[in-house]
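Below, each chain spelled out in residue letters.
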Amino acid sequence: MTHARRVISFINIAHVVDHMFMLIFPTAVIGMTASFDMSYGELLTLSLGGFIAFGAGSLPAGWLGDVWSRRNMMAVFFFGIGTAAILTGFASGPTGIAAGLTLIGLFAAIYHPVGTAMLTAHADRLGHEIGVNGVFGNLGVAFAALITGGITQYLGWRAAFIIPGVLVMAVGVAFLLLVPDRPAPAPKTKASAGPIPRSVMVRAFAILAVVTIAGGLVFNATTIVMPQLFTERLADLVSTPLGVGALTCLVFVLGATSQLIVGRLIDRYSLRAVFVPLAALQAPCLLLAATTGGWVLLPLAVVMMFAIFGQVTINDGMVAHYTADRWRARAYAVRYLVSFGASACAVPLVAFMHDHGSGFAGLFPVLAAFGGAVFAGALVFPGRPRRQPAMAAAE
């Protein structure tokens, strides 16, 4: 295996870890309400600090990755997030849990700006590798529900944090041994469509900001609520944390295939050509999810998550397309600061709507409005022919 292939393999594993650890709590919380005599909404707010740190930590992580070492920052990611999960598992009360979740979010913030920059620097087929990496990330989203549900049911919620924490630290050891700290390979030059005009770049990044905010909130809200949504809407079909986790995992795995498909498409077509039809699916699916129940909810959820997950690949492709490698980690840091800052708002929104509003029937129309903003952004995104990824990195 070449050095580049080894780097990409560990970056893909890290993407699984990143999303899985951020979503252990939303499934584990199903088994925690009795232990702490708190409602779903009250417990869910304990994760707010983690999601804020997930966004706020992106800027310093991206800066350190560019000026110090991306490889060493990824080592900090593996050991830090593993330690934080173990500490959360041993927490004795709500305050300790909130502190542990905040630490998980802080170390999880390293992955996206640093890991994505490492990935794009070593990729030969940029769209393909971003798509494959996105699938790995959403497998983390999916397995968080399945693994956490199973461990919580049979070993308790504390083990759901401790066991993954120990395993990811072992992965960190392997990463240090197998991935030396080397400079990123020089970008290969290929024929391109020419320099991108400044006005087009400004327009693209302005639209990226809008769709990142709206899409980040929708992404986080839907991935957080899915286990509880199935618990309430499919109560006659599944009645255990493992059963809910299995259905959630199935939906997320099927939805994650969009990132592989989208990654291949953006290697062949313009970003806008792929973005518009994908974005058009979000708002209608979110509106239908407000009142849909029973088995019909499952295929609807798959289509909804297909559109939501696929947009992440589009957004990452935008950054890679319009930025140079020497400051790409910082560019991704800004992108994810905006995205995760907006996604942190999903936690109080979900908690309030569930416990004090009209429940999920009221939440999903609000999310549909944000889905509509994503579609509007797609419609006005520059329709310029796709430039060669390697050339984009060289500029």
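So, a few notes on the structure that sits alongside this text.

Here is what the cut-offs are and how they apply
- Residues numbered from 1 in each chain as written.
- Predicted model: local features only at pLDDT ≥ 70, side-chain atom pairs only at ≥ 80, totals over all residues.
- Heavy atoms only, no water.
- Helix = DSSP H or I, 4+ residues; strand = E, 2+ residues; numbered from the N terminus.
- Rg over C-alpha atoms; globule rule 2.2 N^0.38 Å.
- Buried < 20%, exposed > 50% of the residue type's maximum accessible area, 1.4 Å probe, protein only.
- Contact = heavy atoms within 4.5 Å.
- Areas by Shrake-Rupley, 256 points an atom, 1.4 Å probe, with all protein chains shown as cover.
- Lys, Arg positive; Asp, Glu negative; His and termini not counted.
- Charge placed at Lys NZ, Arg CZ, Asp CG, Glu CD.
- Phe/Tyr/Trp six-rings, centres within 6.5 Å; stacked < 30°, edge-to-face > 60°.
- Polar contact = N/O pair within 3.5 Å; in protein donor to acceptor, adjacent residues only side chain to side chain.
- Core = buried A, V, L, I, M, F, W, Y, C linked by side-chain atoms within 4.5 Å.
- Salt bridge = Lys/Arg side-chain N within 4 Å of Asp/Glu carboxyl O.
- Axes fitted to C-alpha atoms, helices over the stretch in contact; angles between N-to-C directions.
- Nonpolar A, V, L, I, M, F, W, Y, C, P; charged D, E, K, R; others polar.
- Arc of directions from axis to C-beta.
- 1 Å grid on protein atoms, 1.4 Å probe; cavity = no way out; pocket = protein on both sides within 12 Å on 5 of 7 lines; lining within 4 Å.
- Points joined across faces, edges and corners; volume = space filled by probe spheres on them.

**A look at the overall build of the chain**
Thought 1: Counting its regular elements, the chain contains 20 helices and zero strands.
Thought 2: The C-alpha atoms of the chain give a radius of gyration of 20 Å, which matches the 21 Å a tight globule of 395 residues would have.
Thought 3: The principal-axis extents of the C-alpha atoms in the chain amount to approximately 60 × 45 × 30 Å.
Thought 4: Relative to its full complement of 395 residues, the chain shows a buried share of 58%.
Thought 5: Put simply, 87% of the contacts in the chain that link residues at least 6 apart link residues at least 24 apart.
Thought 6: Summed over its atoms, the accessible surface of the chain is roughly 14,500 Å², and 70% of this surface lies on carbon and sulfur atoms.
Thought 7: Both charge centroids of the chain, one from 22 positive and one from 14 negative side chains, sit 14 Å from each other.

**A few points about the packing of aromatic side chains**
Thought 1: For the structure shown, the criterion picks out 10 aromatic pairs.
Thought 2: A centroid spacing of 5.2 Å and a plane angle of 65° characterise the contact between F77 and F78, whose relative ring orientation is edge-to-face.
Thought 3: Since its relative accessible area comes to 0%, F77 is described here as buried.
Thought 4: Seen in terms of ring centroids, F275 and F381 are 6.3 Å apart; in terms of plane orientation they differ by 80°. Their pairing is edge-to-face. Here F381 lies in the loop between α19 (360–379) and α20 (389–394) and F275 lies in helix α14 (residues 271–279), a separation of 106 residues in the sequence. The residues F275 and F381 share a single accessibility class, namely buried.
Thought 5: Pairwise contacts between aromatic rings join F10, F77, F78, Y111 and F175 into one cluster.

**Description of the side chain of T223**
Thought 1: Among the secondary structure elements, T223 is positioned in helix α12 (residues 198–233).
Thought 2: Here the side chain of T223 touches F219 through a polar contact of 2.9 Å, landing on its backbone oxygen.
Thought 3: Look past the residues within four positions of T223 in its chain and what remains in contact with it is L23, V141, F252, M305 and F309.

**Overview of the nonpolar core**
Thought 1: Of all hydrophobic cores here, the largest spans 122 residues; its most connected members are F230 and F364.
Thought 2: The biggest single contributor to this core is α12, with 15 residues.
Thought 3: Those residues in contact with F364 that sit more than four places away from it in its chain are T222, V225, L229, L286, A289, A290 and M304.

**Observations regarding the pattern of salt bridges**
Thought 1: Per the counting criterion, the structure on display carries two salt bridges.
Thought 2: We note a salt bridge from R70 to D66, for which the minimum N-O separation is 2.9 Å. The pair formed by R70 and D66 is uniform in burial state, with each residue classed as buried.

**Description of the side chain of N220**
Thought 1: With respect to the element layout, N220 can be found in helix α12.
Thought 2: On the accessibility criterion, N220 (6% relative accessible area) is buried.
Thought 3: In contact with N220, other than residues within four places in its own chain, are F51, S343, A344, A346 and V347.

**Here's the deal with the packing of helix α5 (residues 48–56) against helix α6 (residues 58–67)**
Thought 1: Relative orientation of the contacting elements α5 and α6 amounts to 35°, with a least axis distance of 5 Å. The residues of α6 that touch α5, namely those facing F54, G55 and A56, are S58, L59 and P60.
Thought 2: In the contact of α5 with α6, the residues fall into four nonpolar, two polar and no charged.

**Topic: helix α15 (residues 282–289)**
Thought 1: Residues of α15 that are buried: Q282, A283, C285, L286 and A289. Down the axis of α15, the sector holding all buried residues measures 165°, keeping them to one side.

**What to know about empty space enclosed by the protein**
Thought 1: For the structure on display, the rule yields six cavities of 30 Å³ or more.
Thought 2: Taken as a whole, the largest cavity holds about 200 Å³ of empty space.
Thought 3: For the lining of the largest cavity, the secondary-structure elements that each account for two or more residues are α1 (3–22), α10 (126–155), α12, α16 (297–322) and α17 (328–344).
Thought 4: Its residues assigned to classes, the lining of the largest cavity comprises five nonpolar, 12 polar and two charged.

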